[in-house]
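Chain residues, written in single-letter form:
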Amino acid sequence: MQIKDRYRVEGDRERITLVPETLDDLWHLQYVLEPGDLVAGDTTRRIQRNDEDLRDTGGEREHMFVTLGVEEVEFHKFSNRLRVSGVIEDCSREDQLGFHHTLNVEDHDELEVEKHWKPDQLDRIEEAEEAAENPDVAIATVEEGEAYIHTVAQYGTEERGRFTGTTGKGEYARGRGELFGELGAALARMDVDAIVLAGPGFTKQDALKHIEENYPEVAELVTMVDTAGVGDRGVHEVLKRGAVEDVQQQTRIAKEAEYIDELTERIGQGHEASYGPEAVAEAAEYGAVEQLLVLDEKLREERGPDGDWSIDVDDVVTSVERQGGEVTVFSSEFPPGQQLRNLGGIAALLRYRLE
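Here is what the cut-offs are and how they apply
Residues numbered from 1 in each chain as written. Predicted model: local features only at pLDDT ≥ 70, side-chain atom pairs only at ≥ 80, totals over all residues. Heavy atoms only, no water. Helix = DSSP H or I, 4+ residues; strand = E, 2+ residues; numbered from the N terminus. Buried < 20%, exposed > 50% of the residue type's maximum accessible area, 1.4 Å probe, protein only. Areas by Shrake-Rupley, 256 points an atom, 1.4 Å probe, with all protein chains shown as cover. Phe/Tyr/Trp six-rings, centres within 6.5 Å; stacked < 30°, edge-to-face > 60°. Lys NZ or Arg CZ within 6 Å of the ring centre and 35° of its normal. Contact = heavy atoms within 4.5 Å. Expected span 1.5 Å × (residues − 1). Arc of directions from axis to C-beta. Pairing = 2+ DSSP bridges. Axes fitted to C-alpha atoms, helices over the stretch in contact; angles between N-to-C directions. Nonpolar A, V, L, I, M, F, W, Y, C, P; charged D, E, K, R; others polar. Core = buried A, V, L, I, M, F, W, Y, C linked by side-chain atoms within 4.5 Å. Salt bridge = Lys/Arg side-chain N within 4 Å of Asp/Glu carboxyl O.

## Comments concerning the overall build of the chain
Secondary structure assignment for the chain yields 11 helices and 16 strands. Within the chain, the fraction of its 355 residues that count as buried is 47%. For the chain, the computed accessible surface area is about 18500 Å², with 43% contributed by carbon and sulfur atoms.

## Things to note about the packing of aromatic side chains
All chains considered together, the criterion is met by zero aromatic pairs. The ring of Trp 117 carries Lys 115 above its face, with NZ or CZ at 5.4 Å from the centroid.

## Describing the environment of Ala 186
Turning to its location among the elements, Ala 186 is positioned in helix α3 (residues 173-188). Judged by relative accessible area, which is 9%, Ala 186 ranks as buried. Spatially, the C-alpha atoms of Ala 186 and Arg 160 are 9.3 Å apart, while their sequence positions differ by 26 residues. Ignoring any residue separated from it by four or fewer positions in sequence, one finds Ala 186 in contact with Ile 149 and Phe 163.

## Digging into the environment of Gly 287
As for its position among the elements, Gly 287 is in the loop between α8 (277-285) and β14 (289-295). By relative accessible area, Gly 287 is classed as buried at 13%. Here the alpha-carbon distance between Gly 287 and Gly 324, two residues 37 residues apart in the chain, equals 8.8 Å. Contact partners of Gly 287, with chain neighbours within four places excluded, come to Gln 323, Arg 351 and Tyr 352.

## Notes on helix α4 (residues 203-214)
An α-helical turn contains 3.6 residues, so a residue and the one three or four places further along point in the same direction. The end-to-end C-alpha separation of α4 is 17 Å, in line with the 16 Å expected for 12 residues at 1.5 Å each. Taken as a whole, α4 has its buried residues at Thr 203, Lys 204, Ala 207, Leu 208, His 210 and Ile 211. Here the buried residues of α4 occupy an arc of 160 degrees about the axis, which is enough to place them on one side. Residues of α4 that are exposed and point over 90 degrees away from its buried face: Lys 209 and Glu 213.

## Examining helix α11 (residues 335-342)
Considered for burial, the residues of α11 that qualify are Pro 336, Gly 337 and Leu 340. Angularly, the buried residues of α11 cover 100 degrees about the axis, an arc narrow enough to put them on a single face. The secondary structure elements touched by the buried residues of α11 are α7 (243-269), β14, β15 (326-330) and β16 (346-350). One or two positions beyond α11, positive phi appears at Gly 344, with a value near 105 degrees.

## Structural notes on the sheet that holds β15
If you walk across this open sheet you meet the four strands as β13-β16-β14-β15, and the pairing is mixed. Each of the sheet's edge strands pairs with one partner strand only, and the pair in question is β13 (273-275) and β15. Each neighbouring strand pair of the sheet contributes to a mean axis angle of 15 degrees, computed without reference to strand direction. Bridge analysis of β13 against β16 gives three bridges, and the strand direction is antiparallel. Bridge assignment links Tyr 275 to a residue of β16, and that residue is Ala 347.

## Thoughts on the packing of α7 against α11
At a minimum axis separation of 8 Å, α7 and α11 run at an interaxial angle of 35 degrees. Facing Ile 253, Glu 256, Ala 257 and Ile 260 of α7, the residues of α11 in contact are Pro 336, Gly 337, Gln 339 and Leu 340. Class assignment of the residues belonging to the contact of α7 with α11 gives a composition of five nonpolar, two polar and one charged.

## Some remarks on the nonpolar core
Judged by nonpolar contacts, the single largest core of 30 residues is most densely connected at Leu 18, Val 39, Leu 82, Val 84, Trp 117 and Ile 125. At the level of elements, β2 (13-19), α1 (23-30), β3 (38-47), β4 (60-76), β5 (81-91), β6 (100-105), β7 (111-115) and α2 (119-133) are the ones that each hand at least two residues to this core. At six residues, the largest contribution of residues to this core is made by β4. With residues near it in sequence (within four places) discarded, Val 39 still touches Leu 33, Val 66, Thr 67, Leu 68, Val 70, Val 84, Leu 103, Leu 111, Glu 112 and Val 113.

## Considerations on the pattern of salt bridges
Evaluated as defined, the whole model comprises 23 salt bridges. The shortest N-O distance in the salt bridge between Glu 126 and Arg 6 comes to 3.3 Å. Of this pair, Glu 126 sits in helix α2 while Arg 6 sits in strand β1 (residues 2-9); the two residues are 120 residues apart in sequence, bridging distant segments of the chain. Judged by its relative accessible area of 27%, Glu 126 falls in the partly exposed class. A salt bridge links Asp 95 to Arg 93, with the shortest nitrogen-to-oxygen separation between them at 2.5 Å. Since its relative accessible area comes to 26%, Arg 93 is described here as partly exposed.

Structure (structure tokens):
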């Protein structure tokens, strides 16, 4: 996600210009935008001609810049777009004011968002921005005699290292081990969440075995993928197969699963945990929440007119952050989020047990 501009406007609102760069960014925006926000962007709209002097064409599409008062937001992951619908509040054609319209936002489309930003919403877009700058996945490709490391960022891939050495077995085993050692040492110095180890044949398995013996903390991050080539060609194969997206999803799920496992264990033992809106709100009021867990779909629902909780979720989030707690928003698409839904959509790991 790119944050291109941000500034305060009238009414203590803030206008932020955003450019989503991936499908993940569009998914994030689904939980940032809400009814009452103003969203502006370039679009096309079918215009009916009313001038009697002009031939009726049945409506022609014209490019224009519109600002919508948001009424509905839908994420269509299979068509790679976010649909933002509402009433036209401002437009490059005044005769279109007051009509309903839908902005179809795709990756690399620029849009302006004006609203009262909540702390977790700002955190969400800032984390998405950091993800673009700090790659979370490395791709290591290796075959006999050569190895490469690339990092994956939202703007593309970048080669970070290449290594060559004598390879083979028997009398050449030492040279082969040196190649694997250089690769392992370089990966150990990188700050990434996951590593895709790829290449043809069995060389990558031997490289992984060496890494497991010498850099076990690196080996824990590795997923192996078969490719016909190494270097740029191998990276292209990895990306084409969607291996990086799979690894990123697994990393996100693993983090959420860790929190859920800790939560259910504490609940089972009667230790420092609470779940359900009323219990969590009470814990937040006492300053006892260390880690707040809330489901994205419930967070969005409770901020709108269809919420049914007796507590104000924004008050809970603000209270937790003000008292030094952390907030994790779970994805409803993954199993940990589904477990959280069964616990009421909101839970907390506590600093101490409440009687």
